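Chain and residue survey
What follows is each chain in one-letter form.
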Amino acid sequence: MERENSTEVTEFILLGLTQSQDVQLLVFTLVLIFYLIILPGNFLIILTIRSDPGLTAPLYFFLGNLAFLDASYSFIVAPRMLVDFLSEKKVMSYRGCITQLFFLHFLGAGEMFLLVVMAFDRYIAICRPLHYSTVMNPRACYALLLALWLGGFTHSIVQVALIIHLPFCGPNRLDNFFCDVPQVIKLACTDTFVVELLMVSNSGLLTLLCFLGLLASYAVILCRVHGSSSEGKSKALSTCSTHIIIVFLMFGPAIFIYTRPFRAFPADKVVSLFHTVIFPLMNPVIYTLRNQEVKASMRKLLSHHMVC
């Protein structure tokens, strides 16, 4: 990720979430408490799924990967943001900014593709139950997992490739608490109209298409189970409603941020806070709270270690 010779900026100054010390202290406290409570919960989900031989179905395999992705994603922005809350001058190097931007989109796109894979898994399980074990065999699950990682990497490397070829020769004040494409592009010393269009098509259009595709797939699933037995219908509705909640939490803020021209809006920072810190930690927890098998296995694991 070498910069062009025309690039002179070696660091960016982050303006942060707010200039109010009282608000900063309040947000710092809330995020820290939330972070210390929910993050261990995600690791507990991973440990539970890996330690229980009864949770070997593809649904739990992908849920464990979702918890891993979200836990990893939460390390990109939150720790640095908490440190910056206590710092008078919030500075990030150029390379650090590009690295943060890369992993933000790498893991974010990976999670987006994972939600698509989980929707496909639920479609086969509910609409093609006789073919489920054949289609969603272990080899297919690992192939899908590899595909979503490669998809996330490709998406992210395109973002970075477009950014590092821009000249940064003057302004270096980022109006946010982390590095992301919309804010970094604004500081380039050149006309960025074409680059912005490419960014919107890469991030915004892809996000929007995945979102609409997921809603359409769950609509098909719900239509198919409408006439099924009450027990099967209830379980399918519970599963699909959980997935739909996560889809809105994941894609709603992303659509707001990336599907429009890169102009600042008052709500940008608040939406970014939920998108990068709050929602990622909540996603696996929401799945777990609505999944009886995982909750039972988690209680058994905790009781076993408490006895020991």
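Reading the values: rules and limits
Residues numbered from 1 in each chain as written. Predicted model: local features only at pLDDT ≥ 70, side-chain atom pairs only at ≥ 80, totals over all residues. Heavy atoms only, no water. UniProt positions renumbered as here; feature names shortened; annotations may be inferred. Helix = DSSP H or I, 4+ residues; strand = E, 2+ residues; numbered from the N terminus. Expected span 1.5 Å × (residues − 1). Buried < 20%, exposed > 50% of the residue type's maximum accessible area, 1.4 Å probe, protein only. Contact = heavy atoms within 4.5 Å. Polar contact = N/O pair within 3.5 Å; in protein donor to acceptor, adjacent residues only side chain to side chain. Phe/Tyr/Trp six-rings, centres within 6.5 Å; stacked < 30°, edge-to-face > 60°.

Naming follows an unreviewed UniProt entry, where the chain appears as Olfactory receptor of Odocoileus virginianus. Per UniProt, the chain carries the Function (unreviewed entry) text "Putative odorant or sperm cell receptor." Quoted verbatim from the Sequence similarities (unreviewed entry) field of the UniProt record, the comment on the chain reads "Belongs to the G-protein coupled receptor 1 family."

Examining helix α5 (residues 138–164)
In this model α5 runs 39 Å from its N-terminal to its C-terminal C-alpha over 27 residues, within 8% of the 39 Å that 1.5 Å per residue would give. Of the residues making up α5, those classed as buried are C141, L145, L148, G152, H155, S156, Q159, V160, I163 and I164. On its buried face, α5 sits against α2 (58–85), α3 (94–127), α6 (181–186) and α7 (193–224). The N-cap of α5, judged by a side-chain oxygen 3.1 Å from the amide nitrogen of R139 a few residues on, is N137.

Some points on the side chain of N42
Summarising the element assignment, N42 is placed in helix α1 (residues 21–51). Here N42 is in contact with A67, D70, A71, P280, L281, P284 and V285, once residues within four sequence places are set aside.

Comments concerning the packing of aromatic side chains
Considering all chains together, one arrives at 17 aromatic pairs under this definition. With a centroid separation of 6.3 Å and 85° between ring planes, the pair formed by Y35 and F75 is classed as edge-to-face. With Y35 in helix α1 and F75 in helix α2, this residue pair connects regions lying 40 residues apart in the sequence. Residue Y35 is classed as buried on the basis of its relative accessible area, which comes to 7%. Given a relative accessible area of 46%, F75 falls into the partly exposed group. Note on F106 and F153: the rings are 6.2 Å apart at their centroids and 85° apart in plane angle, and the pair reads as edge-to-face. Placement of the pair is F106 in helix α3 and F153 in helix α5, with a sequence separation of 47 residues. F106 sits in the buried class, given a relative accessible area of 14%.

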